[in-house]
Amino acid sequence: MLLMAFLAITVSAETTTETEEVQNTSQTSTNDVPAWVKNIKFSGYAMLQYQGQDKEGAKTNTFNLRLARFILDGKIGDFDWRAQIQGTNAKGPGEPTVQLVDLYTEWRKYPEFKIRAGQFKRAFTFENPTHPITQGWRGYADVINRLSGFGDRAGEKSSGGRDIGVQLSGDILPNANGRKLLHYQVGVYNGEGINRSDKNNQKDIIGGMWVMPIQGVRIGAFGWTGSHGDMVIGQVYEGYDFYSARTITGNVRLNRYCLSAEYDKNEYTFRAEYLHSQGWGTGVIGSNVINYELGDKADGWYAFGIVPLIKSKLHAKARYQTYRISKEWSSSVNQIECGLNYFFTKNLEMHLEYSHVNDRNLAPDNHNYNLLDVELDFRF
């Protein structure tokens, strides 16, 4: 990817030089560079973070490199393509992870019917495909993380809400002004997350649809049905040897839905979503051992508002969220958050956020703790 970016920059510089020389002689050879090379664009962004919390037994006070991404976008005829690499310290300080997160192409000749193939965001929820910086918070809501393929309840490794597959999508039903009133999208995926082949030859099917009755408003619903393969579903003790057991692996079904509503216009953003999941999970990222104590159902919701105090300069925000890992209040994590987003320029901004967390999975006298997050985000 870096070599391609260098090539694009070099070709651009050479083309400029050639054009200047040709102007002094004759008009020749400026079209020797293929159009797809001229259309390559290199970009990226980084998110720097300070975070502290007073959680009993797990107090933190640290600077982090939250995320860095390098992106190549291009166009070949009626096809757009993207390749994106991510660097993060998701495994912890001193254990960086670099991986390919996006690699896809999309046929976009008709806005009513587009076809995308490769590795990309799942067609599930409004928040999942939102840019990490534009999203405006220290992270996606817990229910999005746990039920949309980030650090998923099902146990798959953190995949940023992505999978490998094929998706159809489009915007249809234009009104008198030509604005489309209905969006649809449906995808078929491996169901194993990013950079992984299918483990059970069964595919996940995810679809969504939303209406846009007035400009800035979206009201939608999503559905997801599939399975995870090679999951440890139990053990069998054979004969009289109770000290060893044979591991039983198999497929675990997964069914989810989401209800969504959003208003986003003139720097005012309000969004709310409810997610429900049915299917056994591990509760541990990267694990394939089913934890039956968690139950086979989980749900959660969030609602937030971001409003401008000074247009294009300073925004205020507030969010409430709940995630119930076992669809019971005794397993809920509830958060009330507020903060400010300040824009130095269009490509440089700072986020300040305070969260009060009520985690009912902790000891009864330590349910509550506080969290402070400050981020400096920039794009290039």
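Residues numbered from 1 in each chain as written. Predicted model: local features only at pLDDT ≥ 70, side-chain atom pairs only at ≥ 80, totals over all residues. Heavy atoms only, no water.

1. A look at the overall build of the protein chain
The helix and strand inventory of the protein chain stands at three helices and 16 strands. Each of the 380 residues in the protein chain was classed as buried or not, and the buried ones make up 44%. Taking the contacts inside the protein chain whose residues are at least 6 apart along the sequence as the reference set, 56% of them involve residues at least 24 apart. (Helix = DSSP H or I, 4+ residues; strand = E, 2+ residues; numbered from the N terminus. Buried < 20%, exposed > 50% of the residue type's maximum accessible area, 1.4 Å probe, protein only. Contact = heavy atoms within 4.5 Å.)

2. Quick word on the nonpolar core
Counting 28 residues, the largest nonpolar core has Phe124, Val143, Ile144 and Leu275 as the members making the most contacts within it. Mapped onto this core, the elements with two or more residues apiece are helix H3 (142-147), strand S8 (204-211), strand S9 (217-236), strand S10 (246-265) and strand S12 (297-310). Looking at which element gives the most residues to this core, the answer is S12, with four residues. For Ile144, the residues in contact, after removing those within four places along its chain, are Thr125, Glu127, Asn128, Gly149, Phe150, Glu273, Leu275 and Tyr302. Residues Tyr45, Met47, Ile71 and Ile133 belong to the second largest nonpolar core, which totals five residues. (Core = buried A, V, L, I, M, F, W, Y, C linked by side-chain atoms within 4.5 Å.)

3. Observations concerning the pairing of S9
Two strands pair when backbone bridges link them, and S8 and S9 are joined in this way by seven bridges, in the antiparallel orientation. Paired with Gly208 across the strands is Phe222, a residue of S9. Linking two consecutive strands that pair antiparallel, namely S8 and S9, is a turn of five residues; a positive phi of about 95° is found at Gly216 within it. Relative to S10, S9 runs antiparallel, the two being bridged by 17 bridges. (Pairing = 2+ DSSP bridges.)

4. Focus on the pattern of salt bridges
Using the criterion set out here, one finds 22 salt bridges in the structure. Between Glu106 and Arg108 there is a salt bridge whose closest N-O contact spans 2.6 Å. By relative accessible area, Glu106 is classed as buried at 3%. A salt bridge links Asp198 to Lys203; the shortest N-O distance between them is 2.9 Å. Asp198 gets classed as buried once you look at its relative accessible area, which sits at 16%. Residues joined by salt bridges that share partners form a network here, namely Lys75, Asp80, Glu106, Arg108 and Arg116. (Salt bridge = Lys/Arg side-chain N within 4 Å of Asp/Glu carboxyl O.)

5. Let's talk about unusual backbone geometry
Residue Thr125 is not a glycine yet carries a positive backbone phi of 75°. Looking at where Thr125 falls in the secondary structure, it is placed in the loop between strand S5 (113-121) and H3. One non-glycine residue, Leu173, lies in the positive phi region at around 60°.

6. Overview of the pairing of strand S14 (residues 332-345)
Here strand S13 (residues 314-324) runs beside S14; their pairing, made up of 11 bridges, is antiparallel. By the bridge assignment, Ala318 is partnered in S14 with Cys338. Hairpin connection between S14 and strand S15 (residues 348-359): a loop of two residues separates the two successive antiparallel strands.

7. Points about the packing of aromatic side chains
Taken as a whole, this structure holds 19 aromatic pairs when the rule is applied. Aromatic side chains Trp107 and Tyr110 sit 5.6 Å apart centroid to centroid with 75° between the ring planes, which places their arrangement in the edge-to-face category. Taking relative accessible area as the criterion, Trp107 reaches 22% and is therefore assigned partly exposed. Overall, the relative accessible area of 40% leaves Tyr110 in the partly exposed class. Through pairs of rings, three or more aromatic residues link up here, namely Phe124, Phe126, Trp210, Phe222 and Trp224. Over the ring of Tyr104 we find Arg116, and its NZ or CZ is 4.2 Å from the ring centre. (Phe/Tyr/Trp six-rings, centres within 6.5 Å; stacked < 30°, edge-to-face > 60°. Lys NZ or Arg CZ within 6 Å of the ring centre and 35° of its normal.)

These figures capture arrangement, not role.
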